[in-house]
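# Structure at a glance
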Amino acid sequence: MSTVDGVRYEADGAVATCTFDRPDRSNAMDIPMQARYGALLRQADADPDVRAVVVTGAGRAFCPGADLGLLETVASRPPAEGNVRDVLAATTAGVPVVAAINGGCAGLGFVIACSADVRFAAAGAKFTTAFARRGLIAEYGIAKLLPELVGRGRARDLLLSGRTFTAEQALEYGLVQEVVPAGELAGHAHAYATELATYSAPRSMAVMKEQFAREALLPLPEAAREAAALMLESFGHPELAEGLASWNERRAPRFPPHR
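Residues numbered from 1 in each chain as written. Predicted model: local features only at pLDDT ≥ 70, side-chain atom pairs only at ≥ 80, totals over all residues. Heavy atoms only, no water.

### Concerning unusual backbone geometry
Stated precisely, the cut-off is as follows: Think of it this way: any DSSP run of H or I at least four residues long counts as a helix, any run of E at least two long counts as a strand, and we number them from the N terminus. Buried means the residue's accessible area, taken with a 1.4 Å probe over protein chains only, is under 20% of the maximum for its type, while exposed means over 50%, and partly exposed covers the values in between.
Within the chain, Asp 5 stands out as a residue other than glycine whose phi angle is a positive 55 degrees. Relative to the helices and strands, Asp 5 is located in the loop between strand 1 (3-4) and strand 2 (7-12). We note that Arg 250 has phi near 55 degrees; this positive angle belongs to a residue other than glycine. Structurally, Arg 250 is set in the segment after helix 12 (238-248). Note on Arg 250: relative accessible area 64%, which makes it exposed.

In structure tokens form, the structure reads like this:
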């Protein structure tokens, strides 16, 4: 296990972990780190042995945002489409992504956390969107992601003010699903990811992630019709037979890989 371009990658059974590990910059993200993160999530998504991914930070920070050098680069050269693809890699991966927010989470790091499917935070961890206080705008689609998580009113508050808030407030807002003691965060996130990897069919989770993206934009009757078509299609896949058999036999399912 080694750190390349500020990101460490480790596979433990069906769960892979991406760890931001750039101690000299408190895990602030430069362009190579950003590209490495996106590449690793795509690698995990293409690996049939990986069924869930945990994203976290080393040390006391998750990711405090972009490195100042990156901000200077972006000021002279707008982000390429690849940069956006890397930052939002969790949204296009079929594999579920769990963010374990161990500490400071701001700016670009905040976007990455919001793009995950599920978020856990260490007690006392600090959050801020930060953009307005740096003279920036709501970057990388966060003006869409954040309202879907916390509602339009709270999202406007957090984006316009750029104020700092705690993990406990993030739980109250609905931004994170649980707050756990700092020393228990890694184990808690890994256990949750392991449960997904063990009991949820990879194809089911991948299709659901696509549904989250598409059906949110549709009127309810149209979303229901689309879901009904997908349900009928799922009857022809082996996951259903295995899901029923494992339930009847009181054992963990042996779902085939999706990729």
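### Brief notes about the nonpolar core
One broad trend across soluble globular proteins is that nonpolar side chains are buried collectively. Rule in force here: Side-chain atoms within 4.5 Å link the members of a nonpolar core, which is a set of buried Ala, Val, Leu, Ile, Met, Phe, Trp, Tyr and Cys residues. Here, two residues are considered to be in contact whenever any of their heavy atoms come within 4.5 Å of each other.
Membership of the largest hydrophobic core comes to 51 residues, with the highest contact counts inside it found for Phe 20, Val 53, Phe 127, Leu 146 and Leu 175. Counting residues per element, this core draws most heavily on helix 5 (residues 107-115), at 6 residues. Excluding its chain neighbours within four sequence positions, the residues that come into contact with Phe 127 are Ile 101, Cys 105, Phe 110, Ala 121, Arg 163, Thr 164, Phe 165, Thr 166, Ala 167, Ala 170, Leu 175 and Val 176. In terms of nonpolar packing, the next biggest core, distinct from the first, is built from 15 residues, Ala 100, Val 180, Leu 196 and Ala 197 among them.

### Overview of the pattern of salt bridges
Heads up, the rule is: Salt bridge criterion: a side-chain nitrogen from Lys or Arg within 4 Å of a carboxyl oxygen from Asp or Glu.
By the definition in use, this model includes 14 salt bridges. Asp 117 is the partner of Lys 209 in a salt bridge, and the nearest nitrogen-oxygen pair spans 2.9 Å. You can see Lys 209 sitting in helix 10 (residues 202-215) and its partner Asp 117 sitting in the loop between helix 5 and strand 8 (118-122), a full 92 residues away along the chain. For Arg 251, the salt bridge identified is with Glu 242, shortest N-O distance 2.6 Å. Using a relative accessible area of 14% as the deciding quantity, one classes Glu 242 as buried. Here the salt bridges do not stand alone but share partners, grouping Arg 22, Arg 25, Asp 30 and Asp 67 into one network.

### Some points on the environment of Ala 213
Looking at where Ala 213 falls in the secondary structure, it is placed in helix 10. Counting along the chain gives 202 residues from Ala 213 to Ala 11, while the straight-line C-alpha distance between them is 27 Å.

### Topic: the sheet that holds strand 11 (residues 178-180)
We count it as follows: Pairing between two strands is assigned when DSSP locates at least 2 bridges connecting them.
Taking strand neighbours across the sheet as the criterion, the 7 strands line up as 1-2-3-4-6-8-11 in an open arrangement whose pairing is mixed. Taken across any chain shown, the strands that pair with only one partner, and hence form the sheet edges, are strand 1 and strand 11. Taken together, the 3 bridges between strand 8 and strand 11 define a ladder with parallel strand orientation. Note that in strand 11 the partner of Ala 122 across the bridge is Val 180.

### Observations regarding the layout of surface pockets
If a probe as big as a water molecule is rolled over the atoms, it shows which places are left empty. Using the following cut-off: Only protein atoms enter the 1 Å grid, on which a cavity is a set of points fitting a 1.4 Å probe that cannot get out and a pocket is an open set with protein on both sides within 12 Å along at least 5 of 7 lines, lining residues being those with an atom within 4 Å of a point. Grid points are joined across faces, edges and corners, and a volume is the space filled by probe spheres set on the points.
There is about 750 Å³ of room inside the largest pocket. Lining the largest pocket are 26 residues, with Ala 116, Asp 117, Lys 209, Phe 212 and Ala 213 positioned closest to its centre. Counting only elements with at least two residues in the lining of the largest pocket, the list comes to helix 4 (89-92), helix 5, strand 8, helix 6 (142-150), helix 9 (185-199) and helix 10.

### Observations concerning empty space enclosed by the protein
Overall, the coordinates contain 2 cavities of 30 Å³ or more when judged by the stated rule. Computed from the structure, the largest cavity encloses a volume of approximately 120 Å³. Forming the walls of the largest cavity are 15 residues, and the residues nearest its centre are Val 50, Val 95, Pro 202, His 258 and Arg 259. Among the secondary structure elements, those contributing two or more residues to the lining of the largest cavity are helix 1 (31-46) and helix 10.

### Structural notes on the packing of helix 5 against helix 6
Rule in force here: Convention adopted: a line fitted to C-alpha atoms gives each axis, helices being fitted over their contacting stretch, and angles between N-to-C directions are expressed from 0 to 180 degrees. Should an angle fall under 35 degrees it is called roughly parallel, over 145 degrees roughly antiparallel, and 65 to 115 degrees roughly perpendicular, with every other angle called oblique. Should the near helix be turned anticlockwise from the far one by less than a right angle, the crossing is termed left-handed; should it be turned clockwise, right-handed.
Between helix 5 and helix 6, whose axes approach to 10 Å, the crossing angle comes to 50 degrees. Overall, the two elements helix 5 and helix 6 adopt an arrangement that is oblique. Pair helix 5 / helix 6 crosses with left-handed handedness. Residues Phe 110, Val 111, Cys 114 and Ser 115 of helix 5 touch helix 6, and the partners they reach there are Ile 142, Leu 145, Leu 146 and Leu 149.

Function-wise, these values are silent; they only describe arrangement.
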